[in-house]
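Residue-level structural notes
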Amino acid sequence: MAEVSRDDAWQLVTEWIESDSLRKHLLGVEAAMRAYARKWGEDEETYAVTGLVHDLDYERYPDLDTGHPRYAIKELEERAYPQEVIDAVAGHADFMGVPRETRMAKTLYGVDELSGFVAACALVRPTGIEGMKPKSVKKKLKTPSFAAAVNREDIQRGIEELDVDQDEHIALVIEALAERADELDIGPKETAATDS
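This is a predicted model, so every value here is computed, not measured. (Residues numbered from 1 in each chain as written. Predicted model: local features only at pLDDT ≥ 70, side-chain atom pairs only at ≥ 80, totals over all residues. Heavy atoms only, no water.)

According to the stated counting rule, one finds three aromatic pairs in the structure shown. Each ring, one from Tyr36 and one from Trp40, has its centre 4.5 Å from the other, and the planes form 35°; the classification is tilted. In this pair, Tyr36 and Trp40 both sit in helix H2 (residues 20–40), four residues apart, roughly one turn of the helix. As far as the burial class goes, Tyr36 and Trp40 line up, both buried. (Phe/Tyr/Trp six-rings, centres within 6.5 Å; stacked < 30°, edge-to-face > 60°. Helix = DSSP H or I, 4+ residues; strand = E, 2+ residues; numbered from the N terminus. Buried < 20%, exposed > 50% of the residue type's maximum accessible area, 1.4 Å probe, protein only.)

Take a look at the structure:
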């Protein structure tokens, strides 16, 4: 399979992943990958597929020493996914020691942690992602206790490797996720109606 479709990749995700939150993370990363592909005139479908499958094995094999992303890489190889997709999946995990040589690999690394962080920021705002600004995301990044599992160094390294402006990068990810706010469940919180 020289080409792989978004539908095929999503089917693979639904076979491997049951967790709603992990599926939403993959959809968020897909949205950010698509936004960068459009910005740079790259192949949007390939970027989207890469975003969808990058954490394919995380639910089943979360151990970073022996599991993720090794099983995903093996599965993608067996299904003859494009090498650039496989390399990007391998490269998003620093501990694998796979250099991020393509723009797509650098993009995946640059949007992965940040997409999750932006979604976490949206979940604690009454308006969700609506109206979110890079300034508020940067403020939360400076609060180590907020979304503590998100590696701030990875986010910074991703920005540096992509060679993009931090505010523009955060704004692009916010906008990409906002376009799919309903699907990602990060829109404005509905207030319960009260009887008078």
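What follows covers the environment of Asn151. Within the element layout of this structure, Asn151 appears in the loop between helix H7 (134–141) and helix H8 (152–162). A relative accessible area of 30% means that Asn151 is categorised as partly exposed. Looking at Asn151, its side chain comes within polar contact range of the main-chain nitrogen of Asp154, at 3.0 Å. (Polar contact = N/O pair within 3.5 Å; in protein donor to acceptor, adjacent residues only side chain to side chain.)

With their axes 7 Å apart at the nearest point, H2 and helix H3 (residues 44–53) run at an angle of 155° to one another. The angle between H2 and H3 falls in the class roughly antiparallel. H2 and H3 meet at a crossing whose hand is right-handed. For the pair H2 and H3, the contacting residues are Leu26, Leu27, Val29, Glu30, Met33, Arg34, Ala37, Arg38 and Trp40 in the first and Glu44, Glu45, Tyr47, Ala48, Thr50, Gly51 and Leu52 in the second. For the contact of H2 with H3, the per-class residue count stands at nine nonpolar, two polar and five charged. (Axes fitted to C-alpha atoms, helices over the stretch in contact; angles between N-to-C directions. Parallel < 35°, antiparallel > 145°, perpendicular 65-115°, else oblique. Left-handed = near helix turned anticlockwise from the far one by under 90°. Contact = heavy atoms within 4.5 Å. Nonpolar A, V, L, I, M, F, W, Y, C, P; charged D, E, K, R; others polar.)

This part is about a negative patch on the surface. A cluster of acidic residues, Glu3, Asp43, Glu84, Asp87 and Glu101, forms a negative patch at the surface. Position of Glu101 among the secondary structure elements: in the loop between helix H5 (83–91) and helix H6 (103–123). Its relative accessible area of 66% is what places Glu101 among the exposed residues. (Patch = residues over 30% accessible without salt bridge, like charges linked within 9 Å, V, L, I, M, F, W, Y side chains within 5 Å. Areas by Shrake-Rupley, 256 points an atom, 1.4 Å probe, with all protein chains shown as cover. Salt bridge = Lys/Arg side-chain N within 4 Å of Asp/Glu carboxyl O. Lys, Arg positive; Asp, Glu negative; His and termini not counted. Charge placed at Lys NZ, Arg CZ, Asp CG, Glu CD.)

Relative to the helices and strands, Thr50 resides in helix H3. When near neighbours in sequence (up to four residues on either side) are disregarded, Thr50 contacts Met33, Val85, Ala88, Met104 and Leu108.

The residue after His68, namely Pro69, is reached through a cis peptide bond having omega -5°. Secondary-structure assignment places Pro69 in the loop between H3 and helix H4 (70–78). Positive phi values are uncommon outside glycine, yet Ala147 reaches one of about 45°. You can see Ala147 is positioned in the loop between H7 and H8. The phi dihedral of Asp185 falls on the positive side, at around 60°, and the residue is not glycine.

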